Amino acid sequence: MRSRPLALVERPVPVAGPGEVLVRVEACGVCRTDLHLAEGDLRSRRPLTAPGHQAVGRVVRPGGGDGGRVGVAWLRSTCGRCRQCARGLENLCPESAYTGWDADGGFAEYLTAPAAYVYPLPEDAPAETLAPLLCAGIVGYRALLRCDLPEGGRLGVYGFARRRT
Amino acid sequence: MVTRSPAARALALELGAASAGDRPPEPLDSAILFAPSGDLVPVALEALERGGTLAVAGIHLTDVPPLDYERHLFQERTLRSVTANTRADGRAYLALAAERPPVVKTVPYAFEEADRALADLATGQVSGAAVLRIG
Ligand SMILES: [Zn+2]
Ligand SMILES: [Zn+2]
């Protein structure tokens, strides 16, 4: 890995576009995908993009009011019209876009995201413990559905961590 | 829980895994591969029970070595990928998590330490989920 793939920069607070919300970030999980992007295993799709797709924050209403706590996760948007979207497989949409890859993500004080793709989150838990649910949790859940675990069956999970020398 | 990392094993047991080690003690009905290492695909397939399913959960995997049909796939073993998630998955999971909050072991980093968080992840030094504290 390059020793410092990230640079801390000052930018103006982003402006929410139509259908988007502005989110003030409380905490953001760091995922292996962020590492793949930093290391170039995944090709960058947009220069100087803030990574991070497990952002917990508060919606800042257009007037500045508080719009409640939300989570911004990896899936940023889909087309809503293709065969995959129509079949309930929007994760396979060829036009799907991703937080922290196609648009600035949660390694930032603010980010914007399509309102239809953010998740309301409980107010009573620390932001830090909610953040990992947004990718590790959700994708882990889909993986669990995909591996067809039978009732009472034995499940194996390979690799929480990688060791490199 | 199958991992070479002693710290990850200890964490898995702490979080409720039935066993943790190099190889599963018994054939598995299902397995999820989170490690980005294609070398583990044949290992994980071979450790499946007849009719078992392996789901590869990562977005990136190094090359998968040649598979031996009889050892790795025959007896209706299934190899699948997992691609991101739908919003329905997200809502279903977060509803479950709200009802029964999972035990999450987080390792917090200051916003300015994002580089260090990535470096620690690269070397497998994060025992838990790395999280940046931002606001
Ligand atoms: Zn992720
Ligand atoms: Zn689509």
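Residues numbered from 1 in each chain as written. Chains lettered and ligands numbered in written order. Predicted model: local features only at pLDDT ≥ 70, side-chain atom pairs only at ≥ 80, totals over all residues. Heavy atoms only, no water.

**A closer look at the nonpolar core**
Part 1: Core analysis: the largest hydrophobic core is formed by 26 residues, its most contacted members being Val23, Val30 and Val72 of chain A together with Leu132 of chain B.
Part 2: Within the residue set of this core, elements represented by two or more residues are β1 (20-29), α1 (32-39), β2 (55-60), β3 (66-72) and β6 (110-114) of chain A together with α5 (114-122) and β5 (129-133) of chain B.
Part 3: Counting residues per element, this core draws most heavily on α5 of chain B, which supplies 5 residues.
Part 4: Ranked by size, the runner-up nonpolar core spans 16 residues in total, among them Ala27, Ala73, Leu121 and Leu133 of chain A. (Core = buried A, V, L, I, M, F, W, Y, C linked by side-chain atoms within 4.5 Å. Buried < 20%, exposed > 50% of the residue type's maximum accessible area, 1.4 Å probe, protein only. Helix = DSSP H or I, 4+ residues; strand = E, 2+ residues; numbered from the N terminus.)

**Points about the coordination of the zinc ion (ligand 2)**
Residues and elements named next belong to chain A.
Part 1: Of the protein atoms, only Cys79 (SG), Cys82 (SG), Cys85 (SG) and Cys93 (SG) coordinate the zinc ion (ligand 2), at distances of 2.3 to 2.4 Å.
Part 2: Angles of 104 to 118° at the metal separate the 4 donor atoms of the zinc ion (ligand 2), which places the site in the tetrahedral class.
Part 3: Taken in chain order, the donor set of the zinc ion (ligand 2) reads C-x2-C-x2-C-x7-C. Comparing cysteine 79 with cysteine 85, the two get one shared label, buried. (Donors = N, O, S within 2.8 Å, 3.2 Å for Na, K, Ca; no water. Tetrahedral: all angles 85-135°; square planar, octahedral: opposite > 155°, others 65-115°.)

**So, the domain arrangement of chain B**
Part 1: The domains assigned to chain B are domain 1 (6-102) and domain 2 (104-135).
Part 2: Computed from C-alpha coordinates alone, the two centres of domain 1 of chain B and domain 2 of chain B are separated by 23 Å. (Domains from an automatic or database assignment.)

**Some points on the interface of chain A and chain B**
Part 1: Opposite the 72 residues of chain A that make contact, chain B presents 69 residues.
Part 2: In total, chain A and chain B occlude about 6,400 Å² of area from one another, counting both sides; carbon and sulfur atoms represent 64% of this.
Part 3: Here chain A is connected to chain B by 6 salt bridges.
Part 4: Of the charged contacts, one joins arginine 142 of chain A and aspartate 89 of chain B as a salt bridge, the two residues approaching to 2.6 Å between their closest N and O atoms.
Part 5: If you look at where chain A meets chain B, you find 25 residue pairs in polar contact (both at pLDDT 80 or more).
Part 6: Elements with a minimum of two residues in the side of chain A that touches chain B: β1, α1, α3 (127-130), α4 (136-146) and β8 (155-158) of chain A.
Part 7: Considering every element that reaches the side of chain A that touches chain B, the biggest residue donor is α4 of chain A, with 10 residues. (Contact = heavy atoms within 4.5 Å. Buried area = accessible area lost by both parts, 1.4 Å probe. Salt bridge = Lys/Arg side-chain N within 4 Å of Asp/Glu carboxyl O. Polar contact = N/O pair within 3.5 Å; in protein donor to acceptor, adjacent residues only side chain to side chain.)

**Considering the coordination of the zinc ion (ligand 1)**
Residue and element names in this part refer to chain A.
Part 1: Protein-derived coordination of the zinc ion (ligand 1) comes from Cys31 (SG), His53 (NE2) and Cys135 (SG), at a distance range of 2.0 to 2.2 Å.
Part 2: Positions of the donor residues of the zinc ion (ligand 1) along the chain correspond to the pattern C-x21-H-x81-C. Here cysteine 135 lies in the loop between α3 and α4 and cysteine 31 lies in the loop between β1 and α1, a separation of 104 residues in the sequence. For the pair formed by cysteine 31 and cysteine 135, the shared burial category is buried.

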